[in-house]
Amino acid sequence: SVYDFFRNAALDANSWVNNTGGVGKSVNTQTDFGATFGGPVRIPHLYNGRDKTFFFFNYEGIRSKTETTQIVNVPSPAEISGDFSQSAQIIRDPSTQIPFAGNRIPTSQLDPVGAKIAALYPAPNVPGRPSGSSNYRANQLTDSPQNIYVARVDHVFNDNNRLYGRFLGRTNPQVGGPIFPTPGIDSYNQIVKTTDYDIAGTWTHSFTPAFINEARYSWDRRVANQWQGGLNVGLPTQLGLTGTNPAYFPRINITGLEAMGNASRQARYQDPVMSHYFADTMTKIAGNHTLKWGADYRYSSNLDYFYGTAGGSFSFTDVATGSGLASLLLGWVNSASIQEDLPLKSRADTTSAFVQDVW
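Small disclaimer: the values here were computed from a predicted structure and weren't measured.

Engineer: Looking at this model, I keep getting lost on the environment of Pro209. Mind explaining?
Structural biologist: The residue Pro209 is located in the loop between strand E6 (190–208) and strand E7 (211–228) in this model. Along the primary structure Pro209 and Gly177 are separated by 32 residues, whereas in three dimensions their C-alpha atoms are 60 Å apart.

Engineer: Can you walk me through the pattern of salt bridges in this structure?
Structural biologist: For side chains of opposite charge, pairing can occur when their charged atoms come near one another. Using the criterion set out here, one finds 9 salt bridges in the structure. The salt bridge involving Arg216 is made with Glu214; its shortest N-O contact spans 3.6 Å. Judged by its relative accessible area of 31%, Glu214 is partly exposed. As a salt-bridge pair, Asp349 and Arg347 come within 2.8 Å of each other at their nearest N and O atoms.

Engineer: Honestly, the sheet that holds strand E11 (residues 309–316) in this entry has me stumped. Any pointers?
Structural biologist: In any sheet, the strands associate via hydrogen bonds between backbone groups, in a parallel or an antiparallel arrangement. The strand order across the open sheet built from 3 strands is E8-E11-E12, with neighbouring strands paired in mixed fashion. Of all strands in the sheet, those with a lone pairing partner are strand E8 (251–254) and strand E12 (335–339), marking the two edges. The sheet shows a mean angle of 10° between the axes of neighbouring strands, direction not considered. Two strands pair when backbone bridges link them, and E8 and E11 are joined in this way by 4 bridges, in the parallel orientation. Along E11, the bridge assignment pairs Ile252 with Phe314.

Engineer: Would you take a moment to explain unusual backbone geometry for this structure?
Structural biologist: For residues that are not glycine, phi is negative in most cases, and the peptide bond is trans in most cases. With an omega dihedral of 0°, the bond running from Asp271 to Pro272 counts as a cis peptide bond. Among the structural elements, Pro272 can be located in strand E9 (residues 267–286). You will see that Gln97, though not glycine, has its phi angle at about 65°, which is positive. With respect to the helices, strands and loops of the structure, Gln97 is situated in the loop between helix H2 (77–80) and helix H3 (112–118). You can call Gln97 partly exposed: its relative accessible area is 38%. Its identity is not glycine, yet Asn103 carries a phi of approximately 60°, on the positive side. By the secondary structure assignment, Asn103 is in the loop between H2 and H3.

Engineer: Explanation requested: the nonpolar core in the structure shown.
Structural biologist: Most often, soluble globular proteins have nonpolar side chains that are buried together. Core analysis: the largest hydrophobic core is formed by 32 residues, its most contacted members being Ile105, Tyr121 and Phe180. Those elements that place two or more of their residues in this core are H3, strand E4 (136–158), helix H4 (235–239), E8, E11 and helix H5 (324–329). Top contributing element to this core by residue count: H5, with 4 residues. By size, the runner-up hydrophobic cluster in this structure holds 6 residues, among which are Leu231, Ala267, Tyr307 and Ala310.

Rules used in this analysis
Residues numbered from 1 in each chain as written. Predicted model: local features only at pLDDT ≥ 70, side-chain atom pairs only at ≥ 80, totals over all residues. Heavy atoms only, no water. Helix = DSSP H or I, 4+ residues; strand = E, 2+ residues; numbered from the N terminus. Salt bridge = Lys/Arg side-chain N within 4 Å of Asp/Glu carboxyl O. Buried < 20%, exposed > 50% of the residue type's maximum accessible area, 1.4 Å probe, protein only. Pairing = 2+ DSSP bridges. Axes fitted to C-alpha atoms, helices over the stretch in contact; angles between N-to-C directions. Core = buried A, V, L, I, M, F, W, Y, C linked by side-chain atoms within 4.5 Å.

Right under this line is the structure:
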């Protein structure tokens, strides 16, 4: 069998929010396609009899691109340069608490790193909205392709022995696009890459019609990696930021404005998360009793690299200057932290056993 499900923005109506803002339709493209194939395997010279081996295979591909309208707060170009003359906020020198003349920060007092970070904000694009008040709109694209595989083989050796094997696989990279013109600086630009593979098999052996053994094994391997769009693009070096891991763009929290960077997970690599599972169960029917007993063992491991705020996390408030943006421009940080963990290597061993009687 083959199948396909298709959806495209050309078939959708525009949203009310986009219509009122004069923005075109958001992208919403979804395709779900695949095929299945299965049947008997007939190789007469390998064994006596026919229709003893059967196979099944399925592939499914999912392609999804969706856009979500984001409306955030950004400063005006004048404020980015230190000119708050059109703002109702009174901007003060944090050292003296004396307001700046004309509500303008002198160029000589601008912090070079803070000024470069502030300059990363885009210009407002929502007409009629004041500075820092829902004045920037963008459609944020999420691209999520998936590939899914299922395969199975069943084989009958004889009346007393049957074997079953299965393979499952899935790859799912997901890219959250940026909403600011410079990729990697906003909190939406994230990449997630997940893969899962599983192999399992079951051997069923009948000692007698009333005494059966079932042995199972499965192996599972999972990779889950996530990182921000600003990884390894050199932005911290270009900004002149030191004392942090230069591979990661920092988290910048500014009171009243859209934050930059990822808040708590600038990168995390779980590569791999793995497990082995062994189980054996016996069933015996004796009169009106059905006895079952068995045991299993599972070995699990995880290799985890966590870079929470390896690029640093900085907060700028309006407490000392009257404006969070002014604090950034003056280099007056309210709080700062950095988190970069050592690799975590964990392991778990689980063993269990049971006995059951049904009569």
